[in-house]
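Here's the letter readout for the chains.
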Amino acid sequence: MKTIEVDGIKVRIQIWDTAGQERYQTITKQYYRRAQGIFLVYDISSERSYQHIMKWVSDVDEYAPEGVQKILIGNKADEEQKRQVGREQGQQLAKEYGMDFYETSACTNLNIKESFTRLTELVLQAHRKELDGLRTRASNELALAELEEEEGKPEGPANSSKTCWC
Amino acid sequence: MDQSMAIQETLAEGEYCIIAVQGVLCEGDSRQSRLLGLVRHRPKRGGQEHALFLYTHRRMAITGDDVSLDQIVPVSRDFTLEEVSLDGELYVLGSDVTVQLDTAELSLVFQLPFGSHTRTFLQEVARACPGFDPATPDPEFLWLSRYRCTGPEPEPPTPLCWNAPPGTGPRCAGIGGGVSDFDDSRSDKRGLPVDPSSWGQDTPDNLLPRQNKSKCEITDMVRSSTIMVSDKAHILSMQKFGLRDTIVKSRLVQKEEDYTYIQNFRFFVGTYNVNGQSPKEGLRPWLSHGTPAPDVYCVGFQELDLSKEAFFFHDTPKEEEWFKAVSEGLHPDAKYAKVKLIRLVGIMLLLYVKQEHAAHVSEVEAETVGTGIMGRMGNKGGVAIRFQFHNTSICVVNSHLAAHTEEYERRNQDYKDICSRMQFCQIDPGLPPLTISKHDVILWLGDLNYRIEELDVETVKNLIEEKDFQTLYGYDQLKTQMAAKSVFEGFIEGELTFQPTYKYDTGSDDWDTSEKCRAPAWCDRVLWKGKNITQLSYQSHMALKTSDHKPVSSVFDIGVKVVNEERYRKTLEEIVRSLDKMENANIPSVSLSKREFCFQNVKYMQLQVQSFTIRNGQVPCQFEFINKPDEKSYCKQWLNANPSRGFLLPDSAIEIELELFVNKTTATKLNSGEDKIEDILVLHLDRGKDYFLSVSGNYLPSCFGSPIHTLCYMREPILDLPLETIRELTLMPLQTEDDGVQLENPLGIPKELWMMVDYLYQNAIQQEDLFQQPGLRSEFEHIRDCLDTGMIETLSASNHSVAEALLLFLESLPEPVICYSTYHNCLECSGNYIASKQVISTLPTFHQNVFNYLMAFLRELLKKSAKNHLDENILASIFGSLLLRNPAGHQKLDMAEKKKAQEFIHLFLCNSP
């Protein structure tokens with residue numbers, strides 16, 4: 001769980017980190033159904049993990065709900081010397097799929113907050129209508145659950161680093 | 001005066017006026033008084049509907065004749081009645097609560113009187129709003145139709161009249177006319193209305209709020225605030241986060257020192273009993289002496305108006321006269337904004353702040369407590385304004401306590417009554433009301449009416465003449481009562497260095513020369529309570545001669561907690577983060593000693609167990625293996641987790657055993673490769689995450705679970721064959737001989753069957769109780785391995801174990817010896833040997849062979865029945881249910897079927913072919 005403020009709205013995001021291992025994929029796919037935003041994460045030091053993104057995207061298209069928001073993440077940006085995937089490659093791929101792109105580092109906190117805020121923004125925008133309904137509602141029973149956003153976060157296969165920013 | 005009674009008289013049966021409030025309707029330049037009544041109707045179809053009835057009225061409505069219906073606004077789904085705070089640059093005289101009423105059709109602005117009644121009214125209206133629950137039907141307001149065209153006023157409809165032209169629908173409250181422009185333009189500014197340049201002027205344009213905020217933002221703000229809120233309060237109350245919000249707030253209070261610093265502000269506190277007079281002289285000598293200009297003015301009056309009208313109707317022209325006089329008498333070096341004016345009959349308190357401080361004043365509330373006649377009336381009592389200045393809560397009380405020298409105990413009581421009965425609303429309606437004592441700073445001023453005791457008038461006057469105030473102070477009732485802790489406990493008063501302020505002949509500095517010839521007394525006082533308060537001056541002002549009292553003033557430096565915005569934001573972020581952290585720490589989490597399980601060389605009917613430990617973290621948790629999506633059980637049939645669910649206390653652990661056991665049901669598919677020793681278990685924590693456990697391994701194919709014909713084609717021991725061959729043979733359809741596709745010469749019967757039967761024939765033909773004694777589990781495994789590896793010569797087991805292995809073999813055949821398709825035919829002709837033989841001849845060759853072979857063997861056994869005690873009935877009952885199995889789900893045979901199956905076998909045992 002994490003609380004962030006976007007547009008003056010306090011948003012509670014629930015972050016799921018799904019197992020990246022291939023053998024679990026049949027199961028993890030089922031978890032996409034409940035996600036509103038998804039980070040597709042590869043490891044910039046692993047060409048293979050980058051190649052896998054296409055598979056992730058097609059899985060997401062197939063299993064995630066309509067209107068799910070996606071962001072492409074190239075993680076481990078701090079490991080410049082081991083880089084196998086160029087920044088432009090990431091940008092190119094993101095462009096192809098119409099996604100935003102960030103290179104992040106869970107170790108140095110690079111772009112972590114930014115990418116989470118951005119994805120949350122996108123999710124909020126996608127749910128603008130419901131949100132407006134909430135806002136104009138005169139009742140005081142604006143329950144926590146109604147603003148709670150859930151986000152799935154399937155990580156790239158080679159990505160074992162855990163988020164250490166919170 | 002409860003004016004809802006008057007409204008009630010005008011209503012129809014079934015309609016009820018919940019609450020009424022008298023307000024001012026502001027339309028452009030015009031200000032008209034309206035009575036607003038919230039009316040409830042309960043339709044027959046259930047539920048309830050509300051409407052706001054607006055009445056014009058006589059001065060004070062007592063009966064239905066005093067009011068006349070002007071307009072009805074149904075409380076529909078799009079109805080809102082919200083407080084709006086006016087733009088910071090604007091100022092509206094005397095406005096206490098400005099509310100804006102909006103529906104789809106109209107928009108009205110009202111000013112309602114301050115105080116708890118208005119608040120209750122607004123709360124009632126909020127409660128009446130139907131909300132957005134789609135489950136509840138839209139209100140229809142059919143009951144209002146009777147008011148529609150029969151309005152009490154015969155005049156033509158005014159633009160804001162209920163008598164709307166047709167076509168606007170029953171829910172239409174009227175035509176917007178000139179006011180529809182209000183819709184998207186609201187005032188949104190937090191902080192205080194300030195406009196020093198427009199004192200005392202009505203500027204109607206002020207009510208036309210600015211155009212730069214969308215409606216929803218304002219709704220948000222209005223909903224979350226009371227009157228005006230500063231930035232911080234605004235952020236916090238923006239969205240309702242329930243408990244979490246409360247925690248954040250209390251943490252913020254705890255950590256206040258981290259993000260605030262003390263800054264001194266100059267407070268002017270003044271009190272003046274004006275004896276019912278109007279202002280006749282400028283108040284500057286009292287209010288604006290010395291420099292610099294105070295940051296805050298707290299100015300209190302008593303006996304503002306002594307008339308009966310003021311007492312009974314609570315209305316007096318003096319209010320505005322003195323308000324103006326004060327406003328004009330404020331320090332000329334600064335511009336001030338009025339924060340609040342509150343009055344109870346003759347007791348009035350005014351609060352001003354320097355214009356630049358207005359944005360830092362929030363949560364302003366004012367209340368009154370009457371302690372006069374009957375202990376309730378307003379001729380005596382107190383009024384108070386509480387507010388938040390930066391981060392310090394301040395309460396200013398102006399009281400007029402009971403008069404007369406001997407009544408000091410009454411005064412003490414008045415003080416206590418004011419303290420206990422003065423209660424302020426809080427922003428959060430869930431919180432209990434605030435009392436005076438709950439403030440960081442309390443400033444108490446007023447005509448406290450304590451006198452000088454024991455001394456006669458002359459002595460008092462002499463002491464005053466000698467300026468021996470210290471001696472005189474020794475006889476002051478307030479001093480002695482405070483010393484006795486009977487009143488004003490914890491309060492401090494500065495040294496009295498000025499002569500008593502009461503009682504003078506009006507217009508002079510002469511002591512009272514009237515008949516009563518009252519002894520001089522320090523009636524008018526200023527006390528304080530709280531930290532970081534320094535009194536800079538405490539004096540009377542002889543220059544003012546309007547009243548029989550002299551005004552008193554005290555100037556303070558008060559250390560106020562000022563928020564460092566950056567540090568505040570940081571603290572808030574830290575708190576939110578720590579709450580998140582706490583919440584995350586409260587999500588159950590466990591560690592698993594192992595997540596991957598490999599079961600090697602799994603054999604038929606041989607249990608393999610692997611265990612792992614679930615070690616719990618700090619949160620009690622419930623765990624359970626859950627079904628994967630679209631699956632009926634949490635794992636494959638050959639697997640079992642024990643226990644598969646449970647509860648763990650913090651820091652405790654539990655061992656879970658994964659039991660793998662392949663039986664006749666699961667063996668065939670493992671032989672054929674249709675199934676594999678592969679599975680994923682999902683261990684789910686209630687409110688927590690899911691863990692995946694992977695199970696892998698390999699199965700050693702066995703003759704057990706293999707079909708008869710498959711085994712017939714296996715000339716080699718099954719374990720010597722490549723898996724691929726086993727797979728193909730297992731999947732091979734049964735009746736291949738009809739297809740003419742013959743694999744290399746098959747065996748007549750499965751060699752494994754022959755091995756067991758032959759073994760029994762050789763060793764056990766005379767064995768007593770054969771097939772009736774259980775074998776040994778360990779010997780079964782040995783027999784299975786011998787059969788599967790073809791090393792029959794090494795077989796050494798008890799006869800009973802081999803006999804049982806034979807039965808298990810027959811039981812594990814996926815297709816029984818009498819094929820499922822032939823089952824019913826067999827039952828039908830049981831008792832008829834010829835017909836039975838006929839049916840057997842329809843079986844596939846391998847099955848025929850096996851059947852005949854077994855029957856021959858059993859008949860051999862019966863020949864030795866003297867030794868082995870077997871008879872046809874025993875064997876028929878054992879083999880009947882193995883050879884003939886009901887195709888309907890392998891269920892147990894019912895008694896009749898069982899009997900027929902036995903009879904069927906019985907015939908073959910009795911008759912040699």
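Structure first, text after, so check above.
Only a predicted model underlies this, so the values are computations on that prediction, with no experimental measurement involved.

Visitor: Tell me about the packing of helix 20 (residues 751–763) of chain B against helix 25 (residues 845–863) of chain B, and please be specific about residues and values.
Guide: Residue and element names in this part refer to chain B. Between helix 20 and helix 25, the least distance of the axes is 11 Å, while the angle of their chain directions is 10 degrees. Taken together, the axes of helix 20 and helix 25 are roughly parallel relative to one another. Contact residues: helix 20 offers Leu753, Val757 and Tyr761, while helix 25 offers Val850, Tyr853, Phe857 and Glu860.

Visitor: How would you sum up the sheet that holds strand 9 (residues 296–302) of chain B? Please name residues and give values.
Guide: In sheet architecture, strand pairing relies on hydrogen bonds along the backbone and comes in two forms, parallel and antiparallel. Residues and elements named next belong to chain B. The 6 strands are arranged 10-11-9-8-21-20 in an open sheet whose pairing can be described as mixed. Sheet topology places strand 10 (336–344) and strand 20 (533–540) at the edges, where each strand pairs with a single neighbour. Neighbouring strand axes in the sheet, compared pairwise and without regard to direction, differ in orientation by 20 degrees on average. Taken together, the 7 bridges between strand 20 and strand 21 (residues 552–563) define a ladder with antiparallel strand orientation. Across the sheet, residue Ile533 finds its bridge partner in strand 21, namely Ile558. Set on the sheet, helix 10 (residues 318–329) makes contact with strand 9, strand 10 and strand 11 (347–354); between it and strand 11 the angle comes to about 30 degrees.

Visitor: An account of the nonpolar core is needed here, citing residue identities and associated values.
Guide: Residues and elements named next belong to chain B. Ranked by size, the top nonpolar core spans 125 residues in total, and within it Cys298 and Val396 carry the most contacts. Broken down by element, this core gets its largest block of residues, 7 residues, from strand 11. Viewed by domain, this core spans two of them, domain 1 (4–220) and domain 2 (251–563), each represented by three or more residues. The residues touching Cys298, leaving out its near neighbours within four places in the chain, are Phe267, Phe268, Val269, Leu351, Val396, Leu443 and Leu445.

Visitor: Outline the pairing of strand 17 (residues 441–447) of chain B, supporting the account with residue identities and numerical values.
Guide: Residue and element names in this part refer to chain B. Burial analysis of strand 17 places 7 of its 7 residues in the buried class, the great majority of the element. The side-chain alternation of strand 17 yields two buried faces, one formed by Val441, Leu443, Leu445 and Asp447 and the other by Ile442, Trp444 and Gly446. Bridge count for strand 14 (residues 392–400) against strand 17 is 7 bridges, and the pairing is parallel. Considered in strand 17, the bridge of His400 is made with Asp447. Two elements, strand 17 and strand 19 (residues 524–530), share 7 bridges in a ladder whose sense is antiparallel. Its bridge partner being in strand 19, Asp447 is matched across the sheet by Asp524.

Visitor: Summarise the sheet that holds strand 29 (residues 678–685) of chain B; cite the residues concerned and give the values.
Guide: Residues and elements named next belong to chain B. Ordered in space as 23-30-29-25-27, the 5 strands form an open sheet in which the pairing is mixed. Strands with a single pairing partner mark the edges of an open sheet, and in this sheet they are strand 23 (596–602) and strand 27 (645–648). Direction aside, the axes of adjacent strands within the sheet are offset by 20 degrees on average. Where strand 23 meets strand 30 (residues 690–699), 5 bridges bridge the pair, whose relative direction is parallel. Its bridge partner lying in strand 30, Val602 is registered against Tyr699.

Conventions and cut-offs
- Residues numbered from 1 in each chain as written.
- Chains lettered and ligands numbered in written order.
- Predicted model: local features only at pLDDT ≥ 70, side-chain atom pairs only at ≥ 80, totals over all residues.
- Axes fitted to C-alpha atoms, helices over the stretch in contact; angles between N-to-C directions.
- Helix = DSSP H or I, 4+ residues; strand = E, 2+ residues; numbered from the N terminus.
- Parallel < 35°, antiparallel > 145°, perpendicular 65-115°, else oblique.
- Contact = placed C-beta atoms within 7 Å.
- Pairing = 2+ DSSP bridges.
- Core = buried A, V, L, I, M, F, W, Y, C linked by C-beta atoms within 7 Å.
- Buried ≥ 20, exposed ≤ 12 C-beta atoms within 10 Å, placed from the backbone.
- Domains from an automatic or database assignment.

Just distances and angles here, no functional claims.
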